[in-house]
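Each chain, written out:
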Amino acid sequence: QVQLVESGGGLVQPGGSLRLSCAASGSSISSALMGWYHQAPGKQRDMVASISSGGITTYADSVKGRFTISRDNAKNTVYLQINNLKPEDTGVYYCNARTYLGAVLWSWGQGTQVTVSS
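Residues numbered from 1 in each chain as written. Predicted model: local features only at pLDDT ≥ 70, side-chain atom pairs only at ≥ 80, totals over all residues. Heavy atoms only, no water.

Draft legend 1. Just the overall build of the protein chain, in detail. If you tally the helices and strands in the protein chain, you get 0 helices and 10 strands. Each helix (α) and strand (β) of the protein chain, taken in turn from the N terminus, gives the series β-β-β-β-β-β-β-β-β-β. Compactness check: the protein chain gives a C-alpha radius of gyration of 13 Å against a globular reference of 13 Å for 118 residues, within 12% of the reference. The principal-axis extents of the C-alpha atoms in the protein chain amount to approximately 40 × 25 × 25 Å. Here the protein chain, with 118 residues, has 43% of them falling under the buried criterion. Taking contacts inside the protein chain between residues at least 6 apart in sequence as the whole, the part at least 24 apart equals 55%. With an accessible surface of roughly 6000 Å², the protein chain has 49% of that area assigned to carbon and sulfur atoms. (Helix = DSSP H or I, 4+ residues; strand = E, 2+ residues; numbered from the N terminus. Rg over C-alpha atoms; globule rule 2.2 N^0.38 Å. Buried < 20%, exposed > 50% of the residue type's maximum accessible area, 1.4 Å probe, protein only. Contact = heavy atoms within 4.5 Å. Areas by Shrake-Rupley, 256 points an atom, 1.4 Å probe, with all protein chains shown as cover.)

Written out as structure tokens, the structure reads:
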């Protein structure tokens, strides 16, 4: 069974930066399409970035230019660099493997909380 452990969140001021990590165990991510998801308080979980096994990235319009997804297959880890944080980025961030049709493949981890506030 695959376990996903997200980390790197915290309380930051608007305009700040964070680097989130998602470490997978129980299966290799090397051939997986991986995504980062954001769940704002009281809202549904939405995908904000994805990266293919070949390194092709896609982003939600709301985060383009500020978020960068990357992967290190040797470490079985996916990263999300978040710059110029905005209050609307507040929420819990999760990662998962997904299909190109949007279905997630593994159980969700506990996520990592990001709070953007002055």
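Draft legend 2. How the structure looks around the state of the cysteines. This model, assessed by the stated rule, comprises 1 disulfide. Between the sulfur of C22 and that of C95 lies a disulfide, 1.6 Å long from S to S. Of this pair, C22 sits in strand β3 (residues 18-25) while C95 sits in strand β9 (residues 91-98), and the two are 73 residues apart along the sequence. What makes C22 buried here is its relative accessible area of 1%. Exposure remark for C95: the relative accessible area of 0% places this residue in the buried category. (Disulfide = S-S within 2.5 Å.)

Draft legend 3. Structural detail: the sheet that holds strand β8 (residues 77-82). The antiparallel open sheet is built from 4 strands, whose spatial order is β1-β3-β8-β7. The open sheet has two edge strands, β1 (3-7) and β7 (67-72), and neither has a second partner. Neighbouring strand axes in the sheet, compared pairwise and without regard to direction, differ in orientation by 15° on average. Two elements, β7 and β8, share 6 bridges in a ladder whose sense is antiparallel. What sits directly across from S70, in β8, is Y79. (Pairing = 2+ DSSP bridges. Axes fitted to C-alpha atoms, helices over the stretch in contact; angles between N-to-C directions.)

Draft legend 4. View of the sheet that holds strand β2 (residues 10-12). Pairing within the open sheet is mixed, and its 6 strands lie in the order β2-β10-β9-β4-β5-β6. The open sheet terminates on both sides in strands that have one partner only, identified here as β2 and β6 (57-59). The sheet shows a mean angle of 30° between the axes of neighbouring strands, direction not considered.

Draft legend 5. Local environment of the nonpolar core. Membership of the largest hydrophobic core comes to 27 residues, with the highest contact counts inside it found for L20, M34, W36, V78, L80, Y93 and W106. Elements represented by at least two residues in this core include exactly β3, β4 (33-39), β5 (45-51), β7, β8, β9 and β10 (112-116). Per-element accounting of this core gives the leading share, 4 residues, to β3. Those residues in contact with L20 that lie beyond four places of it in its chain are S7, G8, G9, W36, V78, Y79, L80, I82, Y93, T112 and V114. (Core = buried A, V, L, I, M, F, W, Y, C linked by side-chain atoms within 4.5 Å.)

Draft legend 6. The arrangement of the pairing of β4 in detail. β4 sits mainly inside the fold: 6 of its 7 residues count as buried. Sheet analysis places β4 next to β9, joined by 7 bridges and oriented antiparallel. Within β9, the residue paired with Y37 across the bridge is Y94. Bridging between β4 and β5 involves 6 bridges; their strand directions are antiparallel. Across the sheet, residue Q39 finds its bridge partner in β5, namely R45. With antiparallel pairing between neighbouring strands as the criterion, β4 and β5 make up a hairpin whose turn holds 5 residues, including G42 at a positive phi of roughly 75°.

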